[in-house]
Amino acid sequence: MSNIAQTYKRLRSSQKFQKRFGVAIRLIIAVILIAFSIFPVLWIVSASFDNANSLATQSLIPANAGIKNYQRLFNLDPNFSFGELNYWTWLWNSIKVSGINTVLGVSITTIAAYAFSRLRFKGRVPILKSLLLIQVFPNLLALVAVFTLVSSIGNIVPALGLNTHTGLIMVYLGGSMGMNIWLVKGYMDTIPRDIDESAHVDGANDWQVFTKLILPLMRPILVTIGILSFIGTYGDFLMARVLLNDSSKYTLMVGLQLFTAGQFDKKWGVFAAGALIGALPIMLLYFLLQDQIVGGLTRGAVKG
Amino acid sequence: MKKSFTLLAVFLIASLLLGACAQATEAPTEVPTEAPTEAPTEEPTEAPTEEVVEPAGKLVVWADDTRAPILDTLKEDFLAQTGVELEVVLKSALRDDFQLYAPVGEGPDILFGIPHDQVATMVANGLIASVDLGNKAQDFVQSALDACIYDGVLYCMPYATENLAFFYNTELVEEPPATWDDVVTIGEALKEEEKVDYIMSVTGTTYDLYPLFTAFGGYIFGKDANGNWNDQDLGVDSPGMIAAVEWLVGNVEKGNLPTDWDWANNHALFETGKTPFIMAGPWALDRIRESGIPYAITNFPAGPAGEGYPFSGVQTILINAQSENKLLAETFLIDYVATEEIMTALYEKGQRPSAYLPVLEKLDDPDLLAFGEAGRNATPMPAIPAMGSVWTSWDSAVVLARDGKMTPEEALKDAGEKIRNLIANPLYGMVNVPGSYQSQVGCDGDWLPECAATAMAKGEDGKWHSGPFELKAGDYEVKVALDGSWTVNYGSDGKQDGPNYTFTLESDGTVEFIYDEDTHMLEIVIE
Amino acid sequence: MAIADSSEGKPVPKKFSLTTVLWKILILAFDALGIWFIVQAISLGYVELAIIVGIIVVGFNIIFTLDKGYPFRWMALGLAFLVMFNIYPIFFTMYISFTNYGDGHLLTKKQALAQIQKVTYLPEDAKTYSWTAYRSPEGNYALWLVDNADGQTYLAKPGEEIVPAQPGDPGIGEADTKGIPVSLEGYTRLTTLQAVANKELSNIMFGIEGEKTVQVRTSNEAAELKLRFVYDEATDTVIDQSNGDIYFNKEGTFTTKDGKTISPGFRAMVGWKNFQEVFNSPALRGPLITMLIWNFIFPTLSVLTTFALGLAISIMYNEEGFPLKKPIRTLLLIPYTIPSVISILIWRGMFNTEFGVINRMLIDIIGVAPRWTSEPFWARTAVIIVNLWLGFPYMMLITSGALQSIPSEIYEAAEVDGASGWQRFWKITLPLLLVSVGPLLIASYIFNFNNFNLIYLLLGGGPPIPGAATQAGYTDILISYIYNLAFAPGGRGVRYGLASAMSMMLFIIVGAITLFQYRFTNMWEEVSENV
């Protein structure tokens with residue numbers, strides 16, 4: 001007995017043990033945390049492969065496993081018709097709208113951030129402040145206003161009106177400057193001004209400084225706000241639902257909502273299947289760009 | 001740096017131009033929509049079938065996922081015969097979207113699949129047009145047509161009716177229960193034997209429990225002498241309703257009923273044999289059949305007030321008030337939808353008894369016949385705007401009672417009060433004498449039944465008094481209005497909606513009004 | 001020299017060059033397009049839209065022609081979108097808050113009048129007919145009418161007197177089995193379908209206007225209709241032609257003196273009524289206090305829990321060479337990669353009291369299970385747990401980045417001073433971290449303050465607050481409460497006016513909080529000072 005106690009004491013006092021013990025504990029915590037974060041995901045996976053299709057009878061490993069839900073999702077089940085159901089079109093629409101919005105939004109934000117970071121002018125601070133305040137407005141409640149606006153624009157230029165992706169993208173672009181401009185400007189502030197000052201002395205103009213010197217250094221933050229804005233647009237449901245009217249124009253989130261209407265329960269499995277496939281592009285993007293995101297998010301806020 | 005902005009501007013202008021170009025390219029496609037209506041004039045009337053190449057226009061229908069595929073089958077015929085393209089758009093929230101899109105002129109021509117109780121608000125909003133079914137009207141179930149009539153005008157075409165019925169598991173229960181006491185007895189026995197988890201599935205709080213409420217004497221709104229809903233007679237806190245909720249709460253406390261009344265989950269309970277009874281609608285037939293559980297459909301058990309009865313609903317089709325194709329839409333409904341083929345398809349897909357007689361008469365599905373039997377005393381869902389205020393408060397009250405947060409009586413009384421508040425009349429109970437004198441005595445204008453300055457107060461003599469008011473010389477007209485609105489008003493001789501009272505002041509003087517609520521007569525005292 | 005000046009926003013020397021010319025042309029082109037758009041907008045009656053586009057066009061001209069506008073050129077496009085799709089809707093919402101826009105008043109006055117002026121009535125002695133249409137090659141129409149009452153037949157053409165006619169008369173073909181002529185000279189007979197496919201048919205007046213006209217009313221019937229309502233713009237009244245009643249415009253509904261109304265109503269200004277209602281109506285005010293308190297607790301707890309967990313994870317697994325560091329972090333990121341609308345719905349199923357997997361597991365393991373959907377405390381706990389799941393990966397991302405940016409010399413110095421692990425955390429790590437991620441935390445707070453999706457999709461705001469005069473639940477926050485009151489079909493119908501009034505108030509509250517918090521964290525000062 002005492003022997004063991006002694007050994008234990010000895011081991012415990014050894015730094016190495018302490019460290020190992022700590023690692024073990026942390027690994028155990030990691031397992032718990034991972035269980036917490038992936039459990040709902042496993043649940044979607046299981047629901048999507050459960051042919052029985054009922055929340056009450058569902059278990060983690062479906063008793064009734066099969067791919068019926070996927071067949072239904074892709075209109076391959078002759079006994080089950082949703083009418084015009086264009087899953088792949090929705091997915092493509094989502095990627096298209098989010099992609100275009102991200103590229104344009106990030107460009108607009110970055111160019112504007114240059115002015116806020118490098119130029120000094122009257123109105124700079126008030127504008128920055130107001131940008132934040134405007135974002136605070138509960139957008140959900142301005143839906144009616146946005147809807148009316150887009151509908152009027154559409155009566156003049158149909159290509160920008162209701163039920164068009166261009167109209168939707170324009171509305172998204174309206175919100176692109178908000179919080180993002182703070183992040184980008186913050187990041188830009190961390191790039192020493194000596195660099196551009198010396199370039200200016202060498203005869204470069206602002207645009208050259210911006211494109212040749214600053215932009216290449218901004219990659220992490222651009223990736224970060226790019227992906228944040230992509231996810232935000234991709235996951236948006238309310239605005240897209242209100243502005244898009246035609247099943248072939250729907251984005252994925254709007255399309256999936258068709259499965260949650262009416263007899264939701266009956267389509268629960270199909271919804272899960274659609275949701276799962278829909279989440280894959282984002283997951284992929286995330287895991288590929290993980291490190292860049294971390295770098296971007298924090299340096300922008302840290303401000304050197 | 002100039003260059004920088006050149007670039008920016010190029011981008012900017014380009015994007016604007018793109019918009020303009022996109023519009024330009026769109027323009028030509030729009031022109032033909034006008035032209036061909038004139039163009040095919042030379043064509044012989046007999047068979048335009050082959051000649052039509054370019055659709056002369058579009059008829060847009062919004063429908064849900066059950067009905068859209070059925071309408072899709074009409075596309076070819078319709079285009080061939082009318083030269084107009086039929087476009088069926090799948091929608092998940094038909095009514096909400098319609099409310100948003102119709103006012104800006106982007107709504108469909110036809111809205112397919114709206115419960116009749118939602119039609120009232122849409123009529124009031126001016127969103128839907130009247131329908132003339134002509135001779136076809138005879139082919140519809142009269143009560144279903146009635147559900148579409150507001151102020152004597154037909155506003156929709158019905159296609160199906162629906163109501164709940166009582167299901168029992170034939171393997172567990174031999175004889176269907178005749179009373180709610182039987183439900184408890186049979187259920188508790190089965191529970192004792194551990195054959196079931198609960199004595200009954202409960203799939204909701206208001207609509208789904210209505211047959212239970214009515215068996216105990218509960219009701220939602222009373223009816224007036226003409227058989228119209230009377231939104232001043234609210235039954236949510238009636239003794240019958242309270243008794244029914246007490247029955248429910250008692251059984252929840254005994255563990256006889258589940259504590260969660262989610263629709264899908266409770267269906268799953270019945271379908272897995274964990275409960276012997278359920279009250280379900282025809283829309284659940286598919287899933288119950290699919291589950292393979294042995295079942296039969298029967299009438300509702302009786303309670304202290306007799307056999308319970310469900311709500312009945314009518315599924316309808318509407319025409320957009322702003323549609324430019326109203327006549328065509330109407331013809332589409334009469335000639336293409338009100339046909340045996342489509343009505344049969346709607347019935348088979350939707351699993352609800354058809355509102356179209358030729359199809360209904362052929363109804364041979366025993367289950368659907370049983371639904372008809374269970375719903376023979378059904379009361380149509382009140383299609384009055386006040387219902388909007390009722391559902392949520394009623395639902396909360398039942399939930400609060402179920403969860404033991406309040407007693408059934410407290411909860412329902414509370415809900416009743418809430419609903420009465422919401423029925424929008426903060427002025428409920430006000431007696432007023434609106435008239436052409438009001439602007440002289442501090443009102444915003446004349447003829448304002450809601451103006452507090454002229455509201456009457458009840459005196460000790462049991463009559464209502466207002467004034468004296470100092471008025472200038474002249475001729476005046478007045479009327480009596482109740483509850484701050486014109487809904488209930490009395491004219492001379494106490495006649496409802498009767499002509500105005502008139503009086504004349506030869507010179508400036510004072511006027512007093514006295515109103516008798518029994519005779520509805522107004523006495524005008526001039527000094 | 002000039003270049004250095006430019007960064008100070010001072011005038012830039014002008015040079016005549018190709019770019020300048022191109023530049024001017026572009027501006028002119030932009031102006032032309034803008035003016036075209038404005039003209040179109042005005043002609044369609046969108047005055048507000050014309051104004052806002054006008055502001056943008058003028059703004060662009062100022063920015064791009066005056067040297068002082070130089071810095072704004074960088075943000076011109078962003079500002080334009082912002083003004084158009086963000087600021088303008090706010091003003092529009094403000095405007096709506098002073099109207100009765102909503103059920104019963106959904107249409108604009110123009111639309112409502114257009115409908116009202118189309119209403120027809122059948123005078124008492126007027127006849128109704130069944131009709132058959134004929135069309136000439138020029139596109140003119142003729143109608144064969146059969147009187148519904150006595151079976152008399154007539155021929156009607158626009159602008160010509162309606163004359164009795166029989167099949168076989170000159171120019172009229174023989175009757176078919178139903179007694180309708182198979183042809184008319186110069187016209188071809190149409191089936192009902194062919195006839196109604198023309199949108200214009202119901203607008204054609206057959207007969208001589210002012211005398212007797214017949215209109216196709218439905219696919220079955222034509223009738224001697226008269227327009228029922230005439231609108232008098234000068235007095236803003238509508239006169240009923242059938243009985244002479246006069247309807248006055250009363251807050252968006254044409255109403256007679258004794259209370260008869262014409263449907264539909266239309267949008268009208270109602271002044272401060274919506275705001276007064278918020279303050280005066282006991283129904284609206286009722287549960288506001290309970291809800292406000294929760295509306296502050298919820299985002300606070302959300303930010304605290306997600307930040308704490310995210311930070312803990314970053315610290316635990318930040319170390320170089322920690323085993324499986326990368327896969328652990330990757331797996332923990334998963335919640336952030338699933339669109340939240342989807343994951344909230346999944347959680348909703350999992351938290352179901354009776355059937356949800358969480359309670360099924362809890363009962364198996366510890367034998368009791370909380371009633372997530374009916375107990376206020378547990379419902380709120382569920383909301384916080386789900387938001388923790390949704391939000392901790394973000395916090396993990398930002399804190400782990402921020403941790404890396406804290407210079408290690410500071411820690412080394414602290415170690416020399418003999419500071420313990422905890423002391424180091426509280427005295428060094430946390431304060432430094434808060435400086436860098438503070439603004440992000442505030443953004444997260446604001447986001448959660450208005451986190452409608454979570455509240456609405458998870459429990460629908462429930463469980464209900466007993467005794468509240470309106471539909472309100474323990475997990476409801478202001479935005480979901482407003483949504484229910486104003487939009488949800490279960491409420492009092494659609495009331496955009498009231499909702500907008502409440503939105504404006506909510507905007508003021510949240511705006512004030514934001515300003516306060518930023519002041520608190522000195523962020524403003526940093527903006528001003530930071531070079």
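Residues numbered from 1 in each chain as written. Chains lettered and ligands numbered in written order. Predicted model: local features only at pLDDT ≥ 70, side-chain atom pairs only at ≥ 80, totals over all residues.

A. Geometry of the overall build of chain B. In terms of helices and strands, chain B carries 17 helices and 25 strands. Across chain B, every contact between residues at least 6 apart in sequence was considered, and the portion connecting residues at least 24 apart equals 70%. (Helix = DSSP H or I, 4+ residues; strand = E, 2+ residues; numbered from the N terminus. Contact = placed C-beta atoms within 7 Å.)

B. Looking closely at the overall build of chain C. The number of helices and strands found in chain C is 20 helices and 14 strands. A compact globule built from 531 residues would reach a C-alpha radius of gyration of about 24 Å, whereas chain C, at 35 Å, exceeds it by more than 25%. Considering only C-alpha atoms, chain C reaches an extent of 120 × 85 × 50 Å along its principal axes. The burial tally for chain C puts 42% of its 531 residues in the buried class. Taking as baseline every contact in chain C between residues at least 6 positions apart, the subset at least 24 positions apart corresponds to 57%. (Rg over C-alpha atoms; globule rule 2.2 N^0.38 Å. Buried ≥ 20, exposed ≤ 12 C-beta atoms within 10 Å, placed from the backbone.)

C. Focus on the sheet that holds strand β11 (residues 229–232) of chain C. All names here are of chain C. A sheet is described by the order of its strands in space; here four strands give the open sequence β11-β12-β13-β14, paired in antiparallel fashion. A strand with exactly one partner marks an edge of an open sheet, and here the two such strands are β11 and β14 (253–255). With strand direction ignored, the average angle separating the axes of adjacent strands in the sheet is 30 degrees. Note: strand β12 (residues 237–240) against strand β13 (residues 246–250), three bridges, orientation antiparallel. Across the sheet, residue Thr-237 finds its bridge partner in β13, namely Phe-248. (Pairing = 2+ DSSP bridges. Axes fitted to C-alpha atoms, helices over the stretch in contact; angles between N-to-C directions.)

D. Just the sheet that holds strand β18 (residues 457–458) of chain B, in detail. Residue and element names in this part refer to chain B. Ordered by their spatial adjacency, four strands build an open sheet running β18-β19-β24-β25, and the pairing between neighbours is antiparallel. With partners counted over all chains shown, the strands left at the sheet margins are β18 and β25 (521–526), one partner each. Two elements, strand β24 (residues 509–516) and β25, share six bridges in a ladder whose sense is antiparallel. Bridge pairing links Glu-512 to Val-525 in β25.

E. Summary view of the domain arrangement of chain C. Domain assignment breaks chain C into domain 1 (15–96), domain 2 (120–227) and domain 3 (283–529). Centre-to-centre separation of domain 2 of chain C and domain 3 of chain C, based on C-alpha positions: 69 Å. (Domains from an automatic or database assignment.)

F. Summary view of the domain arrangement of chain B. Under the domain assignment, chain B is made up of domain 1 (51–162 + 314–366), domain 2 (165–309 + 386–422) and domain 3 (431–526). Computed from C-alpha atoms alone, the centre-to-centre distance between domain 2 of chain B and domain 3 of chain B is 48 Å.

G. Structural detail: helix α11 (residues 219–235) of chain A. With 17 residues, α11(A) ought to run about 24 Å at 1.5 Å a step, and its terminal C-alpha atoms sit 24 Å apart, in line with that. Extensive coverage of α11(A) is indicated by the burial of twelve of its 17 residues. (Expected span 1.5 Å × (residues − 1).)

H. Summary view of the pairing of strand β2 (residues 128–135) of chain C. Residues and elements named next belong to chain C. Of all eight residues making up β2, six are buried, and the element is well covered by its neighbours. One ladder, built from two bridges, connects β2 with strand β9 (residues 222–223); its direction is antiparallel. Directly across from Tyr-129, in β9, lies its bridge partner Ala-222. From the end of β2 to the start of strand β3 (residues 141–147), which pair antiparallel, there are five residues, and Gly-139 there has a positive phi angle of about 95 degrees. Two elements, β2 and strand β6 (residues 188–189), share two bridges in a ladder whose sense is antiparallel. Paired with Tyr-134 across the bridge in β6 is Arg-189.

I. Expanded view of the environment of A:Ser247. Residues and elements named next belong to chain A. Note on placement: Ser-247 falls in the loop between α12 (238–243) and α13 (252–260). Given 22 C-beta atoms within 10 Å, Ser-247 falls into the buried group. For Ser-247 and Trp-90, which are 157 residues apart along the polypeptide, the C-alpha to C-alpha distance reads 8.3 Å.

J. Main features of unusual backbone geometry. With a phi angle near 65 degrees, B:Asp493 is a residue other than glycine that sits in the positive phi range. Note that B:Asp493 resides in the loop between β22 (488–490) and β23 (501–505). The residue C:Asp236 is not glycine, and still its phi comes out positive at about 55 degrees. For C:Asp236, the location among the structural elements is in the loop between β11 and β12.

K. Just the interface of chain A and chain C, in detail. Contacts between the two partners involve 82 residues from chain A and, on the opposite side, 86 residues from chain C. Residue contributions to the side of chain A that touches chain C peak at 15 residues, all from helix α14 (residues 264–302) of chain A. Here the residues of the side of chain A that touches chain C sort into 57 nonpolar, 16 polar and nine charged. (Nonpolar A, V, L, I, M, F, W, Y, C, P; charged D, E, K, R; others polar.)

L. Main features of helix α11 (residues 325–337) of chain C. The terminal C-alpha atoms of α11(C), which comprises 13 residues, lie 19 Å apart, in line with the 18 Å expected from a rise of 1.5 Å per residue. Within the sequence span of α11(C), burial applies to C:Ile328, C:Arg329, C:Leu332, C:Leu333, C:Ile334, C:Pro335 and C:Tyr336.

M. How the structure looks around the confidence of the model for chain C. Residue and element names in this part refer to chain C. For chain C, mean pLDDT is 82; residues scoring 70 or higher make up 91% of the total. Note on residues 1–14: pLDDT under 50 across the span, and 24 contacts to partners over four residues away in sequence or across chains. Throughout residues 527–531 the model reports pLDDT below 50, and contacts reaching past four residues in sequence, or to other chains, amount to six contacts. Confidence metrics for the complex model read pTM 0.77 and ipTM 0.83. (pLDDT = per-residue confidence, 0-100.)

N. Representation of the packing of helix α3 (residues 47–65) of chain C against helix α5 (residues 76–96) of chain C in the model. Residues and elements named next belong to chain C. Contact pair α3 / α5: the axes reach a minimum separation of 11 Å and the direction vectors enclose 160 degrees. The pairing of α3 with α5 is recorded here as roughly antiparallel in orientation. Judged by the twist between their axes, the crossing of α3 over α5 is right-handed. For the pair formed by α3 and α5, the contact residues are Ile-52, Ile-55, Ile-56, Phe-60 and Ile-63 on the first element and Ala-76, Ala-80, Val-83, Met-84 and Tyr-88 on the second. (Parallel < 35°, antiparallel > 145°, perpendicular 65-115°, else oblique. Left-handed = near helix turned anticlockwise from the far one by under 90°.)

O. Highlighting the packing of α11(C) against helix α14 (residues 376–405) of chain C. Residue and element names in this part refer to chain C. As a packed pair, α11 and α14 sit with axes 7 Å apart at the nearest point and diverge in direction by 120 degrees. Relative to α14, α11 is oriented oblique. For the crossing formed where α11 meets α14, the hand is left-handed. Residue-level inspection shows Leu-332, Leu-333, Pro-335 and Tyr-336 of α11 in contact with α14, the latter providing Trp-389, Leu-390, Pro-393, Tyr-394 and Met-396. Classifying every residue of the contact of α11 with α14 gives nine nonpolar, no polar and no charged.

P. Local environment of the nonpolar core. The biggest cluster of nonpolar side chains holds 342 residues, and the ones touching the most others in it are A:Ala112, A:Leu243, B:Val61, B:Phe167, C:Leu143 and C:Ile482. Here A:Leu243 is in contact with A:Phe147, A:Val150, A:Leu162, A:Gly167, A:Leu168 and A:Val171, once residues within four sequence places are set aside. In this structure, B:Tyr437, B:Tyr476, B:Leu482 and B:Trp486 belong to the second largest nonpolar core, which totals 16 residues. (Core = buried A, V, L, I, M, F, W, Y, C linked by C-beta atoms within 7 Å.)

Q. Geometry of the environment of A:Leu217. Its location among the elements puts A:Leu217 in helix α10 (residues 206–217). Note: C-alpha distance between A:Leu217 and A:Tyr187 (30 residues apart in sequence) is 9.6 Å.

R. Representation of the environment of C:Glu185. Looking at the secondary structure, you find C:Glu185 in the loop between β5 (163–164) and β6. C:Glu185 sits 14 residues away from C:Gly171 along the chain, and the two C-alpha atoms are 4.9 Å apart.

S. Region of interest: the pairing of strand β8 (residues 212–216) of chain C. Residue and element names in this part refer to chain C. Where strand β7 (residues 206–208) lies against β8, three bridges are found, and the strand directions are antiparallel. Counterpart to Phe-206 in the pairing with β8 is Val-214. Two successive antiparallel strands, β7 and β8, enclose a turn made up of three residues, where Gly-210 displays a positive phi of approximately 95 degrees. Linking two consecutive strands that pair antiparallel, namely β8 and β9, is a turn of five residues.

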